[in-house]
Amino acid sequence: SQQGEEDPQALSIQEGENATMNCSYKTSINNLQWYRQNSGRGLVHLILIRSNEREKHSGRLRVTLDTSKKSSSLLITASRAADTASYFCATPQGAQKLVFGQGTRLTINP
Amino acid sequence: DAGVTQSPTHLIKTRGQHVTLRCSPISGHKSVSWYQQVLGQGPQFIFQYYEKEERGRGNFPDRFSARQFPNYSSELNVNALLLGDSALYLCASSFAAAYNEQFFGPGTRLTVL
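Parameters and conventions
Residues numbered from 1 in each chain as written. Chains lettered and ligands numbered in written order. Predicted model: local features only at pLDDT ≥ 70, side-chain atom pairs only at ≥ 80, totals over all residues. Heavy atoms only, no water. 1 Å grid on protein atoms, 1.4 Å probe; cavity = no way out; pocket = protein on both sides within 12 Å on 5 of 7 lines; lining within 4 Å. Points joined across faces, edges and corners; volume = space filled by probe spheres on them. Helix = DSSP H or I, 4+ residues; strand = E, 2+ residues; numbered from the N terminus. Nonpolar A, V, L, I, M, F, W, Y, C, P; charged D, E, K, R; others polar. Contact = heavy atoms within 4.5 Å. Buried area = accessible area lost by both parts, 1.4 Å probe. Polar contact = N/O pair within 3.5 Å; in protein donor to acceptor, adjacent residues only side chain to side chain. Buried < 20%, exposed > 50% of the residue type's maximum accessible area, 1.4 Å probe, protein only. pLDDT = per-residue confidence, 0-100. Pairing = 2+ DSSP bridges. Axes fitted to C-alpha atoms, helices over the stretch in contact; angles between N-to-C directions. Phe/Tyr/Trp six-rings, centres within 6.5 Å; stacked < 30°, edge-to-face > 60°.

This part takes up the layout of surface pockets. Computed from the structure, the largest pocket encloses a volume of approximately 310 Å³. As for the largest pocket, its lining consists of 18 residues, of which Ser86(A), Phe88(A), Arg105(A), Gly40(B) and Gln41(B) are closest to the centre. Broken down by secondary-structure element, the contributors of at least two residues to the lining of the largest pocket are β9 (85-93) and β11 (104-109) of chain A. Of the residues that constitute the lining of the largest pocket, the class distribution is four nonpolar, 12 polar and two charged.

Time to look at the interface of chain B and chain A. Contact with chain B, which involves 27 residues of that partner, is made by 23 residues of chain A. Across the chain B/chain A interface, buried area totals approximately 1800 Å², and carbon plus sulfur atoms make up 51% of it. Where chain B touches chain A, the interface holds five residue pairs in polar contact (both at pLDDT 80 or more). The class makeup of the residues in the side of chain B that touches chain A is 10 nonpolar, 14 polar and three charged.

All right, on to the environment of Arg50(A) then. Residue and element names in this part refer to chain A. Examined against the element boundaries, Arg50 turns out to sit in strand β5 (residues 43-50). The class of Arg50 is partly exposed, set by a relative accessible area of 44%. Sequence separation between Arg50 and Ile13 is 37 residues; the distance between their C-alpha atoms is 29 Å. Not counting chain neighbours up to four residues away, the residues in contact with Arg50 comprise Asn30, Asn31 and Leu65.

Here we come to the confidence of the model for chain A. Note that predicted coordinates carrying low pLDDT should not be read in detail. Mean pLDDT over chain A works out to 92, with 96% of the residues at or above the 70 mark. Strand β1 (residues 5-7) of chain A is the least confidently modelled element of chain A, averaging 85 in pLDDT, while strand β7 (residues 61-66) of chain A averages 98, the highest of any element.

Residue and element names in this part refer to chain B. What the four strands build is an open sheet, ordered β1-β3-β8-β7; its pairing is antiparallel. Each having just a single partner strand, β1 (5-7) and β7 (64-68) make up the two edges of the open sheet. Across the sheet, the axes of successive neighbouring strands diverge by a mean angle of 15°, strand direction being ignored. Of the strand pairs in this sheet, β1 and strand β3 (residues 19-24) are connected by three bridges, and their pairing is antiparallel. Across the sheet, residue Gln6 finds its bridge partner in β3, namely Cys23.

Moving on, we come to the side chain of Ser86(A). Residue and element names in this part refer to chain A. In this fold, Ser86 is placed in strand β9. Overall, Ser86 belongs to the buried group, its relative accessible area being 16%. Excluding residues that lie within four positions of it along the chain, Ser86 makes contacts with Tyr35, Arg36, Gln37, Thr104 and Arg105.

To continue, consider the packing of aromatic side chains. Tallied over the full model, the rule gives nine aromatic pairs over all chains. Both rings, one in Phe100(A) and one in Tyr35(B), keep their centres 5.7 Å apart while their planes meet at 90°; by these two values the pair is edge-to-face. Here Tyr35(B) lies in strand β4 (residues 31-37) and Phe100(A) lies in strand β10 (residues 97-100), a pairing that spans two chains. With a centroid separation of 5.7 Å and an interplanar angle of 70°, the aromatic rings of Tyr35(B) and Phe45(B) are classed as edge-to-face. Note that Tyr35(B) is positioned in strand β4 and Phe45(B) in strand β5 (residues 44-50), a separation of 10 residues in sequence. In this structure, Tyr35(B) and Phe45(B) share a single accessibility class: buried.

Printed below as a string of structure tokens:
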């Protein structure tokens, strides 16, 4: 079963604009991770935020985590055509597995 | 350093057949996990192996099995294929546990006809 739910399911914006996608989860977590997937291929790890962190930056990425609301957001600033991909949030359940949401399909229009 | 590698890239099988998918983790990584991703969905956990032992199993039937070899590479086997097994099968490796960053391979696209 899916742990997280991403919102929106699909997002289309113009190049240069900012893109924000949200993730909600159900159980308490150790950390939350965001991944990108291009064209149905392998996932690429973007950023990991721990449960005691509220915000984390990596280049043009900014991730926030609100454990009281069981939600996280991923902001991509100054979007580029190469950012077109599906984005997934994932939470570890125990030490064995990551549980993924259904993803947000992001399209950057030139 | 090479990333996670998977073979084959694509595979077409018919219902009832058996399939073996292979994965080589990043050098030094001892944990390998397998995920199934149906089109339009997020990846679903199938198995995790660590130090050649099964450490976790997802909600998949017994037709799915896996193993890890002494060099930490892994195989995923699926017997009696069903149409619903058509999916992208992803392998991920990490140094230890799932709550660390996972490194994914490019996946094997399995089509069952």
